[in-house]
Amino acid sequence: MQYEDRALAMVETSLVPVELRSAVEADFSPIMAADTRAFHGTYSEKDEQFARQTLELERFVVGQDGDDIVAIAGAYSLEITLPGGAIMPMAGITWVGVTVTHRRRGLLRQMMAMLDQQSAGRGEPLLGLNASEGAIYARFGYGSINQMRGIHIDRRDVVLRDSIPPTSVRIVAAGDAIGAMAERWDRYRKLHPGEVSRTEADVRRRVHEAGSGGHLALHDDGYAMWTSANDWTNGLPAARVDVLDFCAATSTAHAALWQTLLSIDLVGVIVSDHVVIEDDLLSSLVINPRAIQTRSLYDCLWLKVADPQRCFAARSYRTDDRLTIATANGSFEVTATGCGPTDRLADLTLAPSAIGPLLMGGVSATHLSSLGLIEAAPEVLGRADAFFGWSPRPITRGHF
């Protein structure tokens, strides 16, 4: 037994065991309280009402110590788009937290195992999450499939190359456009690998979180939602615009919505943490790309592939090849037309955390090999890069 395992076992035997069980309705308020402790937030009564509309409480696990809920973890029933457009069910792991007084008892590992079992029982071949800390989930078999950019745009120094007629976008009250937003999101997410589904309740909660200061630009093929804060610097307008949500099913909608955002009067800066992808077209649409400053680049969706054969069989490929993949759960052969078990020697041997990134095509086999997550001959890595690679890279604006 390794040192850390021995130390953990000693801690566990010296403490009263925490009961891990499925959540019930009476747990909702304690779950909210535990979440505020874990993530340093606060919830108003209205916030809790909107949260309850989106939570699938039957998919939550809680750890109870006496009368106290000291650990929580749950899942949303989502769909994710694979390269080529196939739609697969996915457990969206969320609200994971352990109270500081109950760490190092193995509660996180036990809850993740319970969620794995729950997902398997529902026939979900994939589990995904947005990690609050990037160093936590690789040991559970999750791999980072994409990155998002936090941006800072100097509004006064940037303009799109081609002007889009303003009539293609209209400003509407977000609260009156829930259905229109949900419909546009559904069309958009089915076109982009890595993107996840949303319900109308999800959209309604996002509009609520934007508050009374939320604004919405609606295009026939997308929308953008933002808030703004008034500011004047030495008599000059310097308001700040925070872009909270964005989707565009077409390049025309993408350009039109950014034309709208960049044309708002009296603005100094436009910022966003969640809507601009790593290889976003925005930088190529503007005359001065340097005005779009990347202030952060961070891992976005982490994916665990519980049923690799099912998932690799469902996605599309860019070349005609035949490669054998070995995982901890067995080997299978992938071709451009199918996937199945095989006795052939493995071309690629994958660590669990490499399966998701390779499946989604946004991280090359060569890169994963350099991280020690794939074993393969150099000539095989080149073939794998061409076979599994996909463009555009996987997008996940749909945080959950």
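The structure we're discussing is the one just above.
Here the residue numbers are simple positions, counted from 1 along each chain's written sequence. Side-chain atom pairs in this predicted model are given and counted only at pLDDT of 80 or more, local residue features only at pLDDT of at least 70, and totals for whole chains, interfaces and linings cover all residues. Hydrogens and waters are ignored; side-chain quantities use all the structure's heavy atoms.

**Student:** Hey, could you run me through the pairing of strand 17 (residues 322-327) in this one?
**Tutor:** Looking down a regular strand, the side chains alternate between one sheet face and the other. The buried fraction of strand 17 is high, at five of six residues. Inspection of the sheet shows strand 17 paired to strand 18 (residues 330-335) by six bridges, in the antiparallel sense. Its bridge partner being in strand 18, Leu323 is matched across the sheet by Val334. Being paired, for any two strands, means DSSP has found at least two bridges between them. A run of H or I in DSSP counts as a helix once it spans at least four residues, and a run of E counts as a strand once it spans at least two, with each numbered from the N terminus. The turn linking strand 17 back onto strand 18 is made up of two residues. The sheet contact formed by strand 17 and strand 20 (residues 348-350) spans two bridges and is parallel. From the neighbouring strand, Ile325 faces strand 20, where its bridge partner is Leu348. Each residue's exposure class comes from its accessible area (1.4 Å probe, protein chains only) as a fraction of the maximum for that residue type: buried when under 20%, exposed when over 50%, partly exposed otherwise.

**Student:** I'm lost on helix 7 (residues 251-261) in this one. Help?
**Tutor:** What sets the pattern is the α-helix's 3.6 residues per turn: residues three or four places apart point alike. Of all eleven residues that make up helix 7, nine are buried, and the element is covered over most of its length. Along helix 7, the positions that sit buried rather than exposed are Ala253, His254, Ala255, Ala256, Leu257, Trp258, Gln259, Thr260 and Leu261.

**Student:** It is not clear to me how the sheet that holds strand 4 (residues 87-98) should be interpreted in this structure. Could you clarify?
**Tutor:** One key point about sheets: their strands pair by backbone hydrogen bonds, in either a parallel or an antiparallel sense. Taking strand neighbours across the sheet as the criterion, the seven strands line up as 1-2-3-4-5-16-6 in an open arrangement whose pairing is mixed. Sheet topology places strand 1 (19-22) and strand 6 (143-144) at the edges, where each strand pairs with a single neighbour. Note that strand 2 (residues 61-65) and strand 3 (residues 68-81) share five bridges and pair antiparallel. Bridge pairing in strand 3 places Val61 opposite Ala73.

**Student:** Looking at this structure, how should I read the packing of helix 3 (residues 45-54) against helix 6 (residues 200-210)?
**Tutor:** To characterise two packed helices, one gives the angle between the axes of the helices and the distance between these axes. In the contact formed by helix 3 and helix 6, the axes pass within 8 Å of each other and the chain directions differ by 160°. When the interaxial angle is binned, helix 3 and helix 6 end up roughly antiparallel. Crossing hand, helix 3 versus helix 6: left-handed. Touching Lys46, Asp47, Phe50, Ala51, Gln53 and Thr54 of helix 3 are Ala201, Asp202, Arg204, Arg205 and His208, all from helix 6. Classification convention: Asp, Glu, Lys, Arg as charged; Ala, Val, Leu, Ile, Met, Phe, Trp, Tyr, Cys, Pro as nonpolar; all other residues, Gly among them, as polar. Grouping the constituent residues of the contact of helix 3 with helix 6 by class yields three nonpolar, three polar and five charged. Axis lines are fitted to C-alpha atoms, over the contacting stretch for helices. Their N-to-C directions set the angle, which ranges from 0 to 180 degrees. Each angle receives one of four descriptions, namely roughly parallel if under 35 degrees, roughly antiparallel if over 145, roughly perpendicular if within 65 to 115, and oblique otherwise. Whether a crossing is left-handed or right-handed is set by the direction in which the near helix is turned from the far one by less than a right angle, anticlockwise for left-handed and clockwise for right-handed. Here, two residues are considered to be in contact whenever any of their heavy atoms come within 4.5 Å of each other.

**Student:** So what exactly am I meant to see when it comes to the state of the cysteines here?
**Tutor:** Cysteine pairs can be covalently joined through their sulfur atoms, and such a bond is termed a disulfide. Defined by distance alone, a disulfide is two cysteine sulfur atoms within 2.5 Å. A complete count under the given rule lists zero disulfides for this structure. Considering cysteine sulfurs only, Cys300 is the nearest to Cys247, which forms no disulfide, with 15 Å between them. The class for Cys247 is buried, based on a relative accessible area of 0%.

**Student:** What should I look at first to understand the packing of aromatic side chains in this one?
**Tutor:** We describe a pair of aromatic rings using the distance from one ring centre to the other and the angle between the two ring planes. We call Phe, Tyr and Trp rings a pair once their centres come within 6.5 Å, taking the six-membered ring for Trp, and we label the pair stacked below 30 degrees between planes, edge-to-face above 60, and tilted otherwise. Throughout the structure, instances matching the rule amount to eleven aromatic pairs. Between Tyr317 and Phe388 the ring centres are 5.9 Å apart and the planes differ by 75°, which places this aromatic pair in the edge-to-face class. Linking Tyr317 in the loop between helix 9 (308-314) and strand 17 with Phe388 in helix 12 (residues 378-388), this pair joins segments that are 71 residues apart in sequence. The rings of Phe312, Tyr317, Phe332, Phe387 and Phe388 are connected pair by pair, giving a single aromatic cluster.

**Student:** Any chance you could explain the environment of Ala249 here in plain terms?
**Tutor:** Relative to the helices and strands, Ala249 resides in the loop between strand 13 (239-248) and helix 7. The class for Ala249 is buried, based on a relative accessible area of 16%. Placed 30 residues apart in sequence, Ala249 and His219 show a C-alpha to C-alpha distance of 9.9 Å. Once you skip the residues sitting within four places of it in the chain, Ala249 turns out to touch Tyr188, Leu191 and Asp221.

**Student:** What am I meant to see in the sheet that holds strand 20 here?
**Tutor:** Read from one edge to the other, the open sheet built from five strands follows the order 19-18-17-20-21, with strand pairing classed as mixed. Of all the strands in the sheet, just strand 19 (338-341) and strand 21 (374-375) have a single pairing partner and so form its edges. Contacts between helix 12 and the sheet are confined to strand 17, strand 18, strand 20 and strand 21, with strand 17 contributing the most and set at about 100° to the helix.

**Student:** Would you take a moment to explain the packing of helix 2 (residues 28-39) against helix 3 for this structure?
**Tutor:** Relative orientation of the contacting elements helix 2 and helix 3 amounts to 110°, with a least axis distance of 12 Å. One element, helix 2, and the other, helix 3, form an angle in the roughly perpendicular class. Within the contact between the two elements, helix 2 uses Phe28, Ser29 and Met32 and helix 3 uses Glu48, Ala51 and Arg52.

**Student:** Help me understand the pairing of strand 9 (residues 215-219) in this model?
**Tutor:** In terms of burial, strand 9 is a largely internal element, four of the five residues being buried. With four bridges connecting them, strand 8 (residues 169-172) and strand 9 associate as antiparallel partners. By the bridge assignment for strand 9, Val169 is matched with His219. By the bridge criterion, five bridges tie strand 9 to strand 10 (residues 222-229) in an arrangement that is antiparallel. The partner of Ala217 across the bridge, within strand 10, is Ala224.

**Student:** Whenever I open this one, the environment of Asp280 confuses me. Can you help?
**Tutor:** With respect to the helices and strands, the residue Asp280 is situated in the loop between strand 14 (267-277) and helix 8 (282-285). Its relative accessible area of 7% is what places Asp280 among the buried residues. In this structure the C-alpha to C-alpha distance between Asp280 and Arg149, which are 131 residues apart in sequence, comes to 9.0 Å. If sequence neighbours within four positions are ignored, Asp280 has contacts with Arg149, His254, Val275 and Arg397.

Structural measurements only, silent on function.
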